[in-house]
Amino acid sequence: MKITNLILVLITCLLTGELYAFTLNNSVGAAFEQDVIKVNVSSTPCSNMGMTNDELLSLAGDAMDKYWNTVATSRLQIEQGDLVATSADFQTGLICQTGTNCVPNTDLIVGSDILISCNTNATNFSNNLGVLGVTVPNNISGEVINGALVLLNDIASNQFQSKSKEEQMAILAHEIGHAIGLGHSPVEDSLMYYLSFSTRMGLGWDDVDGVTYLYPAQQPFGGCGSVSFDKPDEVKNYMITLLLGFFLVAGIFRPSKKRS
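These figures come from a predicted structure and were not determined experimentally.

Some thoughts on the state of the cysteines
With the rule as written, the count across this model stands at two disulfides. Paired through a disulfide, cysteine 46 and cysteine 118 show a sulfur-sulfur distance of 1.9 Å. In this structure the cystine formed by cysteine 46 and cysteine 118 twists about its S-S bond by roughly 90°; its chirality is therefore right-handed. Highlighted residues: cysteine 46 in the loop between strand S2 (36-42) and helix H2 (53-66) and cysteine 118 in strand S4 (residues 113-119), separated in sequence by 72 residues. Cysteine 118 matches cysteine 46 in its accessibility class, with the two residues each being buried. With a sulfur-sulfur separation of 2.0 Å, cysteine 96 is cross-linked through a disulfide to cysteine 102. Judged by relative accessible area, which is 16%, cysteine 96 ranks as buried.

Right, dumping it as structure tokens:
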């Protein structure tokens, strides 16, 4: 193979790398190890959610089937679990230790899978300024999430109870997205965008990319790698550098003409 052809192959591999916008909610890219995860709900009564705990559990199951379980490129399946007994700390405690950048509260560690609990501690919800829920994968070993906690705002003036069923499903699916390892997306059409929209009724391409990245259905073709970016300027600079390098190397290895 000529050196210029080899360079073209390498350039093609790089140029076809995927450019991602989704973010992760932890620095190690942790994810659940198993393919099937259960969503359980604390049996401690929810006083101000406008529904029973059984109804909340059923709603969470419906949300998973409408959102995350529809991604064909992901191996992940999230199932409706059970009502489980928990301590009162899950209803009243802080999700993070006081004065830390969200070091998990050891009293609220989830042993396995995902647990949803109603919570009345205003500090968890920015003093009740419209925050509907907070989520932390609070049981991580290396790059493996063992358990994650979702706390829903159960303060008397919470906004969750006034949402439509479709909006409530989207809110639960958003929080579950955090539980499985995803952060907020900068793409407004994504479920993982930080604001809730009543018109959002499905996953966006960024959500699909994110869950596929953490839980791929199969290993990608190993011939070319991929490059991850979350800033448009990085993409622009990368492409310019790549093209300049190609023309420089192509010029250096250009065959010289034989003199007669």
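Observations regarding the nonpolar core
By size, the foremost hydrophobic cluster in this structure holds 43 residues, and its most contacted members are Leu56, Trp68, Ile114, Ile116, Leu172, Ile176 and Ile180. Among the secondary structure elements, those contributing two or more residues to this core are strand S1 (31-32), S2, H2, S4, strand S6 (144-153), helix H4 (165-179) and helix H5 (205-214). In terms of residue count, H4 provides more of this core than any other element does, seven residues in total. With residues near it in sequence (within four places) discarded, isoleucine 114 still touches Phe32, Ile37, Lys38, Val39, Asn40, Ala148, Val150, Ile176, Ala179 and Ile180. Ranked by size, the runner-up nonpolar core spans twelve residues in total, among them Phe90, Ile95, Leu108 and Phe125.

What about the environment of serine 27?
Relative to the assigned elements, serine 27 resides in the loop between helix H1 (3-15) and S1. For the pair serine 27 and glutamate 143, spaced 116 residues apart in sequence, the C-alpha to C-alpha distance is 9.4 Å.

How each quantity is defined
- Residues numbered from 1 in each chain as written.
- Predicted model: local features only at pLDDT ≥ 70, side-chain atom pairs only at ≥ 80, totals over all residues.
- Heavy atoms only, no water.
- Disulfide = S-S within 2.5 Å.
- Helix = DSSP H or I, 4+ residues; strand = E, 2+ residues; numbered from the N terminus.
- Buried < 20%, exposed > 50% of the residue type's maximum accessible area, 1.4 Å probe, protein only.
- Core = buried A, V, L, I, M, F, W, Y, C linked by side-chain atoms within 4.5 Å.
- Contact = heavy atoms within 4.5 Å.

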